[in-house]
Amino acid sequence: MANAPGLTPLPPERHAALSGLYAAATAAARRRTLVGLAVVAALTLLAGVAAEVRPLVFVENIGKFTAYLYEILPPIGLEHPIADVRAWYWGLPNWLGLLGETLLMAYLGTLLGGLAGFALSFVAAANLVRSPWLRIGAKRLLEVCRTVPEVVFALIFVIAFGLGPMVGVLAIAIHTTGALGKLFSEVVENIDMRPVEGLSASGATWVQTVRFAVLPQVLSNFASYALLRFEINVRGAGVMGFVGAGGIGQEFLVAIRNFYYADVSAILVLIILTVFCIDLATERVRHRLIGPETHG
């Protein structure tokens, strides 16, 4: 191989030494990769055994799953398709009302949880709060809020307050507080500290520093995370009905339990289309919010 113009060729012994080092480094990297893959495979096998994952049972019973999917197919024929669709969605007015209730649960839960997470995120940020006890307390509170599943909170609130959408709103709000509080605090911890130091040096209070030095840097990301959480909460609110928290989930569970196959598919398609539209809308809004910051 010809040497590049202007470069002095390496002596043979130096070239051989470098080649040997490169081969040794490559072999070591290959061994680490193989060891890592072996560890992952072993852990996957142990996890499968502990979780009683049985591939043969899955293969043997997959027909039951496909048979259920066949049962819930909409009864729409080629002779009278419009009439068949009307019969399929016989309960549309009631379902739309319950779906609206689900969306309101998700919206209100996201709003309340977002406000609580917003307030706690500044207290949990290491670059804004010097007191370790205050910071650790805020972080542990956020961890508790997001660690307990929403359904568990909903079950507790059902026992305390009875059935109804308020239970779902409270459960979603608490879980959203923990999830958004963590995301918001991480955004705050990655801000440019020069404006904060400048305001602090000029005698501004902690609240004033957060208002004028921190918020302008984080608001677009906060809004983006809140919209993403709203998408998640819409799906979560649909499940809340399974424990008596109202919304479309409760009607969906009734249809499943009573083997109303056509109703199951009708409600399922309605939920999927709603989530699909919300995802598209919030994605556009998120891109508008983070676009100027990304390209700036």
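These remarks concern the structure in this document.

1. So, the overall build of the protein chain
Consideration 1: Helix and strand counts for the protein chain stand at 11 helices and 0 strands.
Consideration 2: Each helix and strand of the protein chain, ordered N terminal to C terminal, gives the series α-α-α-α-α-α-α-α-α-α-α.
Consideration 3: Expected size for 296 residues packed as a compact globule is a radius of gyration near 19 Å; at 28 Å, the protein chain overshoots this value by more than 25%.
Consideration 4: Its C-alpha atoms put the protein chain at 85 × 65 × 40 Å along the principal axes.
Consideration 5: A buried classification covers 32% of the 296 residues belonging to the protein chain.
Consideration 6: At a minimum sequence separation of 6, the contacts of the protein chain that also span at least 24 residues come to 74%.
Consideration 7: As displayed, the protein chain has an accessible area near 18,700 Å², and 70% of this comes from carbon and sulfur atoms.
Consideration 8: Side chains of the protein chain carry 21 positive and 19 negative charges; the gap between the two charge centres is 11 Å.

2. Observations regarding the packing of aromatic side chains
Consideration 1: One pass over the structure, following the stated rule, counts 12 aromatic pairs.
Consideration 2: Here Phe184 and Phe222 contribute two aromatic rings whose centre-to-centre distance is 4.0 Å and whose plane-to-plane angle is 20 degrees, an arrangement assigned as stacked. Taken together, the residues span a long stretch of sequence, with Phe184 in helix α7 (residues 165-189) and Phe222 in helix α9 (residues 206-240) at a distance of 38 residues.
Consideration 3: In this structure Phe184 comes out as buried when scored by relative accessible area, which is 4%.
Consideration 4: In this structure an aromatic cluster arises from ring pairing among Trp88, Tyr89, Trp90 and Trp95.
Consideration 5: When the ring centre of Phe212 is taken as origin, the NZ or CZ atom of Arg211, which lies over that ring, is 4.8 Å away.

3. Digging into the nonpolar core
Consideration 1: Ala154, Val167, Ala171, Val234 and Met240 are the most contacted members of the largest nonpolar core, which has 18 residues in total.
Consideration 2: Only α4 (92-124), α6 (150-161), α7, α9 and α11 (261-295) provide two or more residues apiece to this core.
Consideration 3: What Val234 contacts, discounting residues up to four positions off in sequence, is Thr102, Leu103, Ala106, Val275 and Ile278.
Consideration 4: Counting residues in hydrophobic clusters, the runner-up holds 15 residues, among them Phe184, Leu215, Val218 and Phe222.

4. Quick word on empty space enclosed by the protein
Consideration 1: The final tally for this structure, using the stated rule, is 1 cavity of 30 Å³ or more.
Consideration 2: The computed volume of the largest cavity comes to approximately 40 Å³.
Consideration 3: Together, Leu99, Thr102, Leu103, Val234, Ile248, Ile271, Thr274 and Val275 line the largest cavity.
Consideration 4: Secondary structure elements with two or more residues in the lining of the largest cavity: α4 and α11.
Consideration 5: Within the lining of the largest cavity, the residues separate by chemical class into 6 nonpolar, 2 polar and no charged.

5. A few points about the pattern of salt bridges
Consideration 1: Scanning the model with the defined rule gives 6 salt bridges in all.
Consideration 2: Across the pair Lys182 and Glu186 runs a salt bridge whose closest N-O atoms are separated by 2.9 Å. Here Lys182 pairs with Glu186, and both are found in helix α7, just 4 residues apart, close to one helical turn.

6. Focus on the packing of α6 against α9
To describe two helices that pack against each other, one gives the angle between their axes and the distance between the axes.
Consideration 1: Packing of α6 against α9 leaves a shortest axis separation of 11 Å and a crossing angle of 50 degrees. One finds that α6 runs oblique with respect to α9. Every pair of crossing elements has a handedness; the one defined by α6 and α9 is right-handed. Along the contact surface, α6 presents Glu150, Val151 and Ala154, while α9 presents Arg229, Asn233, Gly236, Val239 and Met240.
Consideration 2: Broken down by class, the residue content of the contact of α6 with α9 amounts to 4 nonpolar, 2 polar and 2 charged.

7. Quick word on α6
Consideration 1: An ideal rise of 1.5 Å per residue puts 16 Å on 12 residues; α6 measures up with 16 Å between its terminal C-alpha atoms.
Consideration 2: Buried within α6 are the following residues: Glu150, Phe153, Ala154, Phe157 and Val158. One side of α6 carries all its buried residues, which in axial view fall inside an arc of 140 degrees.
Consideration 3: Residues of α6 that are buried in the fold lie against α5 (132-147), α7 and α9.
Consideration 4: Remark: Gly162 follows α6 within two positions and exhibits a positive phi of approximately 90 degrees.

8. Description of the side chain of Thr177
Consideration 1: Along the polypeptide, Thr177 turns up in helix α7.
Consideration 2: Dropping the residues within four chain positions of it, Thr177 is found in contact with Gly113, Ala116, Gly117, Leu120 and Leu142.

9. Side note on α9
Consideration 1: A rise of 1.5 Å per residue sets the reference length of α9, with its 35 residues, at 51 Å; its end C-alpha atoms lie only 39 Å apart and thus fall more than 12% short of the reference.
Consideration 2: When the local axis directions of α9 are compared, the greatest deviation, roughly 60 degrees, occurs at Leu215, which is followed within four positions by the proline Pro216.

10. Some words on the layout of surface pockets
Consideration 1: In this structure, the largest pocket spans a volume of roughly 310 Å³.
Consideration 2: Lining the largest pocket are 14 residues, and of these Thr110, Leu111, Gly114, Phe222 and Ala226 sit closest to its centre.
Consideration 3: For the lining of the largest pocket, the secondary structure elements donating two or more residues are α4, α7 and α9.
Consideration 4: Within this model, the second largest pocket holds a volume of roughly 230 Å³.
Consideration 5: Contributing to the lining of the second largest pocket are Ala126, Asn127, Leu128, Val129, Arg130, Val196, Glu197, Ser200, Ala204, Thr205, Trp206 and Thr209.

The rules we used
- Residues numbered from 1 in each chain as written.
- Predicted model: local features only at pLDDT ≥ 70, side-chain atom pairs only at ≥ 80, totals over all residues.
- Heavy atoms only, no water.
- Helix = DSSP H or I, 4+ residues; strand = E, 2+ residues; numbered from the N terminus.
- Rg over C-alpha atoms; globule rule 2.2 N^0.38 Å.
- Buried < 20%, exposed > 50% of the residue type's maximum accessible area, 1.4 Å probe, protein only.
- Contact = heavy atoms within 4.5 Å.
- Areas by Shrake-Rupley, 256 points an atom, 1.4 Å probe, with all protein chains shown as cover.
- Lys, Arg positive; Asp, Glu negative; His and termini not counted.
- Charge placed at Lys NZ, Arg CZ, Asp CG, Glu CD.
- Phe/Tyr/Trp six-rings, centres within 6.5 Å; stacked < 30°, edge-to-face > 60°.
- Lys NZ or Arg CZ within 6 Å of the ring centre and 35° of its normal.
- Core = buried A, V, L, I, M, F, W, Y, C linked by side-chain atoms within 4.5 Å.
- 1 Å grid on protein atoms, 1.4 Å probe; cavity = no way out; pocket = protein on both sides within 12 Å on 5 of 7 lines; lining within 4 Å.
- Points joined across faces, edges and corners; volume = space filled by probe spheres on them.
- Nonpolar A, V, L, I, M, F, W, Y, C, P; charged D, E, K, R; others polar.
- Salt bridge = Lys/Arg side-chain N within 4 Å of Asp/Glu carboxyl O.
- Axes fitted to C-alpha atoms, helices over the stretch in contact; angles between N-to-C directions.
- Parallel < 35°, antiparallel > 145°, perpendicular 65-115°, else oblique.
- Left-handed = near helix turned anticlockwise from the far one by under 90°.
- Expected span 1.5 Å × (residues − 1).
- Arc of directions from axis to C-beta.
- Bend = angle between axes of the 7 residues up to and from the residue.

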